[in-house]
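Read off the chains here:
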Amino acid sequence: MDGTKCFCYTFSKETTEKILNGDAYLGAGGAKASNGQMIELGRPMILDGSAFTGISQNDNNVESMKELQKINSSLDLSIGKIDELQKTAWLNYAVSRQLCGITMEGFRQTLMKLNIITEEVRSVKLFIETKSTNEHLVRLTSYKNHLNSDADFMTGKRFDVMNSYSMIVPHLDEISAYIRNVEREFIEGSIDGGLACFINSGLLPLFSYVVKRYSAFYYYENERFPANFNVWVGAIESIIKKRQFENRLLYHIRLNSPLSLEDKHIACKKVMGNIEGLVDAMYFEKEYVLCHEKEEYLSLGQHVQKKIENDDHKVIDGHLLVSI
């Protein structure tokens, strides 16, 4: 694999240990407990081909290994009192690795989580400015429905990229603008911090899934990505690039979470790491479709599953790494 790109999923040490001990198993796109519950989705990343076969002095390989270590360090952050997260739905959800994977199943799981988050917003809206909360709830519900319809539409055998352009693209344009606006208001403090966190926790994973999925189909049809692909990705990427957002998030967690001070800092880092993971997944998918035929892309989930069943993976520095 020297000189080539290696598309991989990596897992935290904790999850790797569970898998190797038989307390969890790998399925397409993630690790699941024995009861079938998803406990961690693999973090997608692209390595230099030689990085997967062993460490060398090659400059590209060194950079790949540094990136792998960076991502694994983020995955290894451990919160002491996990049970305390249950008291705050959006934080529990945003900290966990239960985000959209490479399959429609992952999208459906995220959709159900958004329903829980929306109900919690309704239950606490008396503590927030009612008019503002209601307006955002209407938009959140509308965008959830749009993204659900778009994702479902793309699973159809007769799905036509260009015929769906006038439906899906305006949805993504509007939602990306909304995400940008919520980010700005959150940093400025002109929106309730809790409400902004609810919105980001529920909407970003769904939005990123539809972006990467539709963009892939668009590329295979037109040999280029949609004109606003960078705009859509940029709506989420902007969040992780601004220190003000992370500072504001930490302030909100410290103000409203029952966690210890140390765990509050860890939770903030995990939330930001998961948002960064959404961006990585969109760029990962873009690079993947540039290197693979449509049939390979459509069978990606089955390909991952087959490699897992054949124990075709590596353990590097205590982290499971599955190449695809």
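These lines cover the structure that appears in this document, whether it is placed above or below. Model, not experiment: these values are computed from the prediction. (Residues numbered from 1 in each chain as written. Predicted model: local features only at pLDDT ≥ 70, side-chain atom pairs only at ≥ 80, totals over all residues. Heavy atoms only, no water.)

Looking at the overall build of the chain
Here is step 1 of the chain: Each helix and strand in the chain was counted, giving 14 helices and 7 strands.
Here is step 2 of the chain: Going through the 324 residues of the chain one by one, you find that 53% of them count as buried.
Here is step 3 of the chain: In the chain, of all internal contacts separated by at least 6 residues, the share reaching a separation of at least 24 is 73%.
Here is step 4 of the chain: Surface summary for the chain: the accessible area is close to 15,100 Å², and the carbon and sulfur share equals 48%. (Helix = DSSP H or I, 4+ residues; strand = E, 2+ residues; numbered from the N terminus. Buried < 20%, exposed > 50% of the residue type's maximum accessible area, 1.4 Å probe, protein only. Contact = heavy atoms within 4.5 Å. Areas by Shrake-Rupley, 256 points an atom, 1.4 Å probe, with all protein chains shown as cover.)

Observations regarding the sheet that holds strand β4 (residues 38-41)
Here is step 1 of the chain: Read from one edge to the other, the open sheet built from 3 strands follows the order β2-β3-β4, with strand pairing classed as antiparallel. Strands with a single pairing partner mark the edges of an open sheet, and in this sheet they are β2 (24-27) and β4. Direction aside, neighbouring strands of the sheet carry axes that sit 25° apart on average.
Here is step 2 of the chain: In this structure, β2 lies alongside strand β3 (residues 30-33), joined through 4 bridges in antiparallel fashion. Looking across to β3, one finds that G27 is bridged to G30. (Pairing = 2+ DSSP bridges. Axes fitted to C-alpha atoms, helices over the stretch in contact; angles between N-to-C directions.)

Some points on the packing of helix α8 (residues 165-188) against helix α9 (residues 193-222)
Here is step 1 of the chain: The interhelical angle for the contact between α8 and α9, taken along N-to-C directions, is 150°, at an axis separation of 10 Å. Between α8 and α9 lies a crossing of left-handed hand. Here α8 contributes Y165, I168, V169, L172, I175, S176, Y178, I179, V182 and F186 to the contact with α9, which in turn contributes G193, A196, C197, I199, N200, L203, L204, F207, V210, V211, Y214 and Y218.
Here is step 2 of the chain: For the contact of α8 with α9, the per-class residue count stands at 19 nonpolar, 3 polar and no charged. (Left-handed = near helix turned anticlockwise from the far one by under 90°. Nonpolar A, V, L, I, M, F, W, Y, C, P; charged D, E, K, R; others polar.)

Overview of the packing of helix α10 (residues 229-241) against helix α12 (residues 261-291)
Packed helices, taken two at a time, are described by the angle their axes make and the gap between the axes.
Here is step 1 of the chain: Interaxial distance between α10 and α12 falls to 8 Å at its minimum, and their mutual angle equals 155°. Judged by the angle between their axes, α10 and α12 are roughly antiparallel. For the element pair α10 and α12, the recorded crossing hand is left-handed. Touching F229, V233, I236, E237, I239 and I240 of α10 are M272, I275, E276, V279, M282, Y283 and K286, all from α12. (Parallel < 35°, antiparallel > 145°, perpendicular 65-115°, else oblique.)

No statement about biological role is implied by the geometric values presented.
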